[in-house]
Each structure stands twice: as structure tokens, then as C-alpha cells.
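Reading the structure
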Amino acid sequence: MNIVVLIKQVPDTWSERTLSDGDKTLDRASSDAVLDEINERAVEEALKIKEAGGDAEVTILTAGPDRATDAIRKALSMGADKAVHVNDEAIHGSDAVATAKVLAKAIGTVGDVDLVLAGNEATDGRSGAMAGVLGELLGWPSLTHANELSVSDGTATVKRETDEGTCDVTASLPAVVSVGEKINEPRYPSFKGIMAAKKKPVSKIGISDLGLDASEVGLAGSLVQVDSFAPRPPKSGGQKVEDEGDGGAKIAEFLVGQKLI
Amino acid sequence: MAEVLVLVDHVDGEIKKNTYEMLTAARRIGEPSAVVVGTPGTAAKLAEGLAAHGAEKIYVAESDDAVNYLSTPQVDALATLVERVSPPAVLIPAGADGREVAGRLAVRTNSGWLNDLIDVDGERAGTHSIFGGAFTVQSHVTTDTAVISWRSGSIEVEENAGAGTQETVDLPAIDGARAAKVSNRAPIVGGDRPELTEATVVVAGGRGVGSADNFDVVEGLADSLHAAVGASRAAVDSGYYPNQFQVGQTGKTVSPQLYIALGISGAIQHRAGMQTSKTIVAVNKDPEAPIFEIADFGIVGDLFSVTPQLTEEVGKRSS
Ligand SMILES: Cc1cc2nc3c(=O)[nH]c(=O)nc-3n(C[C@H](O)[C@H](O)[C@H](O)COP(=O)(O)OP(=O)(O)OC[C@H]3O[C@@H](n4cnc5c(N)ncnc54)[C@H](O)[C@@H]3O)c2cc1C
Ligand SMILES: Nc1ncnc2c1ncn2[C@@H]1O[C@H](COP(=O)(O)O)[C@@H](O)[C@H]1O
């Protein structure tokens, strides 16, 4: 089995996130960057398949700037075998579809891939559609929002859970699967894992290695253009009152004053 | 006037309110055409409501397979229609299923995709709210068709009678090797309370509620206010309340008239899902809890004494 796990480095949600004035893209420099939590779960799921037997190879794939190397190291130290890092100035500013085009080409460099694992939704862009978009580009089925995954005899089966409900989904391999927040608890990298990760191969490539042209990616290749952005006016706290046995009544009074009840 | 396609959001033969918002938004751009993808007989149940909210045309794409595959029937139906009528925009609900349909449709028709819009004008300029409402962003597509995923609860629904002329769309046969087959569908049953993302009032409980049984207190207040119930991730992770009610960065984004947070500290990831609420009320026994930084009215106190009293006061006023 040849498994590719898509990972993304995102601004730490504990830090303030902002956009850059110039090209109105995410200002990645101004906040701490971490491996998106959901991607740790995708890596975990790939490692579980590998450990369940069969000779699976797990390749980490990311499209991102220099410092995405940290996210790659983390995934490798969890136990993945190798990584592909697409790092190219031209990719900066790509919308979801343009990013997917880069990833689809990069998956092609990994050989005969059976399974692509992704997170169901990143905490920064929240487009929440990478698996579907990639499936469409590759001509493969996408099984999305998996809370359970099993793979056997050339078939992937997932239990899918979304706000709309639950269902079972099956499709033949090769396929793209996106995992949800509840699928597993990711392992912590062991000391041995961290040491081993330093020696694992990371292939660094640019878009020309993928046969893509600068006009097909980044801001130039995106079919959506951002015109402007504005921070929400800061909300200041209002009244704060100590409960003296009449807290509930006080809230009721406030709500009446606001014509909310 | 150009036709604007709206993918109808429906469950169990009923139209979801989001559909009416999308028909309202579509009318700013052109003539709204509703697209129903479902099992045979679905459109007949929905036609009246769609026409009453402005659908001039209703495209009927019905087949038994419509519910047997993930997103593919919807993408196929919309792609067929995009080809046929070259709409300036296609509006699709921004839920999990809808975003998948939208992303795939954008690729298939080579259209720009405006994801998770909360507003759009007649020139197809879209407004997004990102990072949990910390920023609003304006954007537009450079293509003839804009694929728009629409966040529910964003605009007021307008009633607007449309002709509602029905027209059949044939769904192409599904290629089994490229589609994901669905079985054992179990839609989430919402119960009698309003849906979280559509509710005018949301009452949410956090880890401070302490147990699943104690959530009765939260539900009691919610019912007195005809509100939806929400929960923090800590409450969901502790098993106090089901996953689908999680509010926050990795849960739902809500923007009701009134949000009441009970025993919720107000971590940045929770705030990301509720800070655009018009009025925020918080009850927390820790005066330093960050939720008070954004609360319009806060009580420092024990939720188990404050909440029942509030429920009673609300009851008095509504009877
Ligand atoms: C990537 C990521 C995504 C996340 N996504 C989400 C998300 O979508 N939604 C979300 O909510 N969180 C999310 N979190 C978690 C978030 O950081 C917080 O851990 C979580 O919101 C805390 O929930 P809480 O406020 O209920 O619990 P706590 O932080 O434990 O707060 C409980 C509060 O209850 C108060 N309290 C206790 N007893 C009482 C009482 N009797 N009366 C009154 N007050 C009382 C306490 O003073 C305390 O302030 C995410 C975290 C990460 C890292
Ligand atoms: N630049 C990227 N490089 C690698 N994987 C990505 C990238 N962007 C998104 N993904 C994958 O797609 C998932 C969903 O992201 P999104 O569609 O941005 O919400 C993420 O959890 C990743 O698995």
C-alpha cells in the first residue's frame, strides 16, 4: 500500500491571526505556526494501517513555505517514512482549487498511490473541501469526514459523520479520504522517533518539477480575487455583576432592557 | 435576465431555511432557478415552498441513485445545468456536503469558488467572515460563473412569488469506480429545538455544567427562550453533550441575536464560533474568565443558582 498524507502548517489558533495589507493573504509570519491538529490524526490513521500489517509506505506531502519543514519533521517523527515538500514562491496566495492542483501533481510524483489521507477542514482557510476537490481533479472517489476507516481488498470503507448525519461510505481504491476530529487520538512522537526523523528523506520540489507554470498557481492562477478586508470593530466587554442571589433576575432585567424577552 | 442556480437544501421532504436565503440572494443577481436533487417524488413536495420564495424555474433531477452516492449526483446535476444555461452564479449550502459539492463543481466547470459567503451583491461581490468573525473579506471571481457556498443564517429571507415552472434534468449514469457509495444514512434528528445555526437564541453549556445530567439546566433555560442548545468542546469531549452541538472553531459558527454562555471560560477557539452574536450574556464563577471580555452582560456566580432563577423569570414574562 502506498499512502500519502496531506499535511498543512497553520497559524496557531492560540495566537492572533491577521492578513497582510499588501496582497491580502494570510500573514503567516506574524503568528506561530503548528502542524494542524487534524493532520496529526490523518498521520495517525495512516500509521495504524501500516501497523496493522501489509507493507504500507507512508509519504507526507505538504505545499508550504520554508518553515513548513517543522510540520514535516513532526509527522516524520510520529512514524511516517518520507516526505515531499512543495516549496515555491509562486504558490503563495493560491486559493483552494489552485492548491489542490499543486497537490494533485505532487501526488503523481509519489508513484502508484492507493490512498490519500487529508484533514476534513483546516483551521485557517476552513475551505473544508480539499478531499472532494482533489478527488475531482484526480478522477478518484472521495470519502469525506471519516470517523472510522478500514481498507481491504482494494476498497476503502468509512463511517462518515457530519452535521447533517451519519452514514457508511465505500469506494474502490485509489481514493481520497478526509478524516474528522473524532477519528483517533494521535500519538506523541517518541524520542527514538524524533531522532529517526532526522534521517528520513524529504524531497524538496518546486512547481517546475511538477510541470506547472507560475500562471497556473498562486494569486495569478486563482479564479478568485480578494478585493479588501477589514478587522471587525473590537467588542468591549459590558457590565459584569457579582451574583448576590439575584443573578438570574438581573439577567432577565437586562434582557428586557434589550427587548430580547 | 440571467438564470441563477440554487441547490435546494432539503431533508425528509422539507426545505431548509437556508434555501430561502439563497433564493433571496440569487434574486439580486438574476432570476432564481431552484435545483432539486433527490429521490423520485421529492420535487413535488418542495415545489410550493420554492415558488413562494422566488423560484422562477425548478429543475428536477430525480433518481434512486441521488441518495446512494456522496456529492456526485449533485455535482452532475449542477454541472449539466451550468453547461446548459451559463449562470452568473450557482448558490450551494455551505455545510459539509455542500462545500464538497461546491469545490467539485468549481473544478469541473473551471469556475471561481467563493466559499462560505455571508453576503453577495448584484455584481457578485462576495463577503466572507473569517477567523471566527475577526475579519470580513470582500472578493470576486474572474470567471463567467461564480460557485458560491452560502453560510446559513446570514441574511433575512424575503418572500417573493416566482412561477416555479418545473423542468426535468437527466442525471448521467454514475461511474462506480469514481464515486463513493453511501449506505445506512441516518440524518441527525434535531428534536423540537431550533437548529443551532438558524436559531435566534442559543444557550450553551461548558465544562462548568459538570455532567450530562446537569445539562438539563441548560436545556431548561433554552426551552423557556425557544432557543437552540450549544456546547463547548470541553463539554462535548467530556461526553456531556453530543458532538453536533459543538460551537467554535472546529464546531459550528453561530451568530444569533442572543448567546448565553453557561460555565464556559471563553477560550479563543470557542469565541471563534460565537463572537459575532449580537448580544452575549455569560455566567461564570471565575471573575477572570475571558468570556467576560466579550460579554455584554456577565454574572460572576454559580450557574446552578443563576440559571434556574433566570428560567423562572423568563417563564413569568412569557406567560
Ligand atoms: C485546534 C483547537 C480547536 C478547538 N476548537 C474548539 C471549538 O470548536 N469549540 C470549543 O468550545 N473549544 C474548542 N477548543 C478548545 C478550547 O481551547 C477550550 O479548551 C474549550 O473551549 C474549553 O471549554 P470550556 O470553556 O467549557 O471549559 P473550561 O475552559 O474548563 O471552562 C469551564 C468554565 O466553567 C466555569 N465554571 C465551573 N463551574 C461553574 C459553575 N458551577 N458555575 C459557573 N461557572 C462555572 C469555570 O470557571 C471555567 O471558566 C479547541 C482547541 C484547539 C487547540
Ligand atoms: N497546502 C497544503 N498542503 C498539504 N495539504 C493541504 C494543504 N492545504 C490543505 N491541505 C489538506 O487539506 C485538508 C483540508 O484543508 P482545507 O481544505 O484548507 O480546509 C488539510 O487538513 C490538509 O490535509
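Parameters and conventions
Residues numbered from 1 in each chain as written. Chains lettered and ligands numbered in written order. Predicted model: local features only at pLDDT ≥ 70, side-chain atom pairs only at ≥ 80, totals over all residues. Heavy atoms only, no water. UniProt positions renumbered as here; feature names shortened; annotations may be inferred. Helix = DSSP H or I, 4+ residues; strand = E, 2+ residues; numbered from the N terminus. Rg over C-alpha atoms; globule rule 2.2 N^0.38 Å. Buried < 20%, exposed > 50% of the residue type's maximum accessible area, 1.4 Å probe, protein only. Contact = heavy atoms within 4.5 Å. Areas by Shrake-Rupley, 256 points an atom, 1.4 Å probe, with all protein chains shown as cover. Axes fitted to C-alpha atoms, helices over the stretch in contact; angles between N-to-C directions. Parallel < 35°, antiparallel > 145°, perpendicular 65-115°, else oblique. Left-handed = near helix turned anticlockwise from the far one by under 90°. Nonpolar A, V, L, I, M, F, W, Y, C, P; charged D, E, K, R; others polar. Pairing = 2+ DSSP bridges. Near = heavy atom within 4 Å. Polar contact = N/O pair within 3.5 Å; in protein donor to acceptor, adjacent residues only side chain to side chain. Buried area = accessible area lost by both parts, 1.4 Å probe. Salt bridge = Lys/Arg side-chain N within 4 Å of Asp/Glu carboxyl O. Patch = residues over 30% accessible without salt bridge, like charges linked within 9 Å, V, L, I, M, F, W, Y side chains within 5 Å. Expected span 1.5 Å × (residues − 1). Core = buried A, V, L, I, M, F, W, Y, C linked by side-chain atoms within 4.5 Å. Lys, Arg positive; Asp, Glu negative; His and termini not counted. Charge placed at Lys NZ, Arg CZ, Asp CG, Glu CD.

In the annotation of an unreviewed UniProt entry, the entry for chain B reads Electron transfer flavoprotein subunit alpha/FixB family protein, and the organism field reads Actinomycetospora termitidis. One UniProt comment on chain B, placed under Cofactor (unreviewed entry), says "FAD".

With an unreviewed UniProt entry as reference, chain A is termed Electron transfer flavoprotein subunit beta, source organism Actinomycetospora termitidis. Note on chain A: under the UniProt heading Function (unreviewed entry), the record states "The electron transfer flavoprotein serves as a specific electron acceptor for other dehydrogenases. It transfers the electrons to the main respiratory chain via ETF-ubiquinone oxidoreductase (ETF dehydrogenase)." Its UniProt record gives chain A a comment under Cofactor (unreviewed entry), which states: "FAD".

**Topic: the overall build of chain B**
For chain B, the count of helices and strands is 9 helices and 17 strands. Its C-alpha radius of gyration of 21 Å places chain B within 12% of the 20 Å reference for a compact globule of 319 residues. Along the longest, intermediate and shortest principal axes, the C-alpha atoms of chain B span 60 × 40 × 40 Å. Looking at the 319 residues of chain B, the share that counts as buried comes to 58%. For chain B, the share of sequence-separated contacts (at least 6 apart) that also reach a separation of at least 24 residues comes to 66%. When the accessible surface of chain B is totalled, it reaches about 12,100 Å², and 46% of it is carbon and sulfur.

**Notes on the packing of helix α3 (residues 72–85) of chain B against helix α4 (residues 96–109) of chain B**
Residues and elements named next belong to chain B. In contact at an axis separation of 9 Å, α3 and α4 are set at 40° when each is read in the N-to-C sense. With respect to each other, α3 and α4 are oriented oblique. As α3 runs across α4, the sense of the crossing is right-handed. When α3 is examined against α4, the residues Thr-72, Gln-74, Val-75, Asp-76, Leu-78, Ala-79 and Val-82 are found in contact with a partner set consisting of Val-101, Arg-104, Leu-105, Arg-108 and Thr-109. Each residue belonging to the contact of α3 with α4 can be placed in one class, and the counts come to 6 nonpolar, 3 polar and 3 charged.

**Observations regarding the sheet that holds strand β12 (residues 181–187) of chain B**
Within the open sheet, the 10 strands sit side by side as β11(A)-β5(A)-β4(A)-β1(A)-β6(A)-β10(A)-β7(A)-β8(A)-β9(A)-β12(B). Their pairing is mixed. Every other strand in the sheet has two partners, leaving β11 (202–205) of chain A together with β12 of chain B as the edge strands with one partner each. The mean angle between the axes of side-by-side strands here comes to 25°, regardless of whether they run parallel or antiparallel. Where strand β1 (residues 2–6) of chain A and strand β6 (residues 115–119) of chain A come together, 3 bridges link them in parallel fashion.

**Quick word on the site of ligand 1**
The immediate surroundings of ligand 1 are formed by 26 residues, with Arg-207, Ser-232, Ser-265, Gln-269 and Asn-284 of chain B found nearest. Chain contributions to the surroundings of ligand 1 come from chains A and B. Here Ser-265 of chain B contributes a side-chain N or O atom positioned 2.7 Å from an oxygen atom of ligand 1. Contact between ligand 1 and Gln-269 of chain B: an oxygen atom at 2.7 Å from a side-chain N or O atom of the residue. If ligand 1 stood free it would expose 1,000 Å²; the protein chains cover 83% of that surface. Every element with two or more residues in the shell around ligand 1 is listed here: α6 (233–237), α7 (268–271) and α9 (303–318) of chain B. Within the shell around ligand 1, the residues separate by chemical class into 7 nonpolar, 14 polar and 5 charged.

**Points about the interface of chain B and chain A**
With 86 residues of chain B at the interface, the matching set in chain A holds 78 residues. Per-residue buried area on chain B facing chain A is highest for Phe-131, Gln-249 and Phe-297 of chain B; these three make up 10% of the total on that side. Of the charged contacts, one joins Arg-233 of chain B and Glu-37 of chain A as a salt bridge, the two residues approaching to 3.3 Å between their closest N and O atoms. Our count for the contact surface shared by chain B and chain A stands at 34 residue pairs in polar contact (both at pLDDT 80 or more).

**Details of the pattern of salt bridges**
Residues and elements named next belong to chain A. Per the stated rule, a full pass over the model turns up 33 salt bridges over all chains. Between Glu-181 and Lys-182 there is a salt bridge, with the nearest N and O atoms lying 3.3 Å from each other. What makes Lys-182 partly exposed here is its relative accessible area of 32%.

**Side note on a nonpolar patch on the surface**
All names here are of chain A. A contiguous nonpolar surface patch, about 310 Å² in accessible area, is contributed by Phe-191, Ile-194 and Met-195. Note that Met-195 resides in helix α5 (residues 191–197). Given a relative accessible area of 36%, Met-195 falls into the partly exposed group.

**Notes on the site of ligand 2**
All names here are of chain A. Close contacts around ligand 2 come from 19 residues, with Leu-6, Ile-7, Asn-39, Ala-122 and Ser-127 the closest. Between a nitrogen atom of ligand 2 and a main-chain N or O atom of Ile-7, the distance comes to 3.2 Å. Between ligand 2 and Gly-119 there is a distance of 3.0 Å, counted from an oxygen atom to a backbone nitrogen or oxygen. Expressed as a share of its isolated accessible area of 480 Å², the protein-covered part of ligand 2 is 96%. For the shell around ligand 2, the elements supplying multiple residues, two or more each, are α1 (37–51), β4 (57–63), α3 (96–108) and β6.

**Some words on α4 of chain B**
Residues and elements named next belong to chain B. Helix length check: α4 (14 residues) gives 20 Å between terminal C-alpha atoms against 20 Å at 1.5 Å per residue, within 8%. Within α4 the residues assigned to the buried category are Ala-96, Gly-98, Arg-99, Glu-100, Val-101, Ala-102, Gly-103, Arg-104, Leu-105, Ala-106 and Val-107. Positive backbone phi, at 55°, marks Asn-110, one or two positions downstream of α4.

**Concerning the nonpolar core**
Of all hydrophobic cores here, the largest spans 39 residues; its most connected members are Val-5, Ile-7, Ile-60, Leu-117 and Leu-143 of chain A. The biggest single contributor to this core is α1 of chain A, with 6 residues. Not counting the four nearest positions on each side in its chain, Ile-7 of chain A is found in contact with Leu-35, Asn-39, Val-43, Ile-60, Leu-61, Thr-62, Ala-71, Ile-72 and Ala-75 of chain A. Core analysis: the second largest hydrophobic core is formed by 32 residues, Ile-251 of chain A together with Leu-262, Val-306 and Val-314 of chain B among them.

**Details of a positive patch on the surface**
Side chains of Arg-73, Lys-198, Lys-199 and Lys-204 of chain A sit close together on the surface and give a patch of like positive charge. With respect to the secondary-structure elements, Lys-198 of chain A resides in the loop between α5 and β11.

**Description of the sheet that holds strand β13 (residues 239–242) of chain A**
Here we have 6 strands laid out as an open sheet, ordered β13(A)-β17(B)-β16(B)-β15(B)-β13(B)-β14(B), and parallel in their pairing. Two strands lie at the open edges of the sheet, namely β13 of chain A together with β14 (228–231) of chain B, each paired on one side alone. Ignoring which end each strand starts from, the neighbouring axes of this sheet average 15° apart. Across 5 bridges, strand β15 (residues 258–262) of chain B lies against strand β16 (residues 279–284) of chain B in parallel orientation. Among the inter-strand pairings, Ala-261 of chain B is bridged to a residue of β16 of chain B, identified as Ala-282 of chain B. Packing against the sheet, helix α7 (residues 247–257) of chain A makes contact with β13 of chain A together with β15, β16 and β17 (297–300) of chain B, and its axis sits at approximately 175° to β17 of chain B. Sheet contacts for helix α5 (residues 215–224) of chain B: β13 (201–205), β14 and β15 of chain B; angle to β14 of chain B, the most-contacted strand, approximately 145°.

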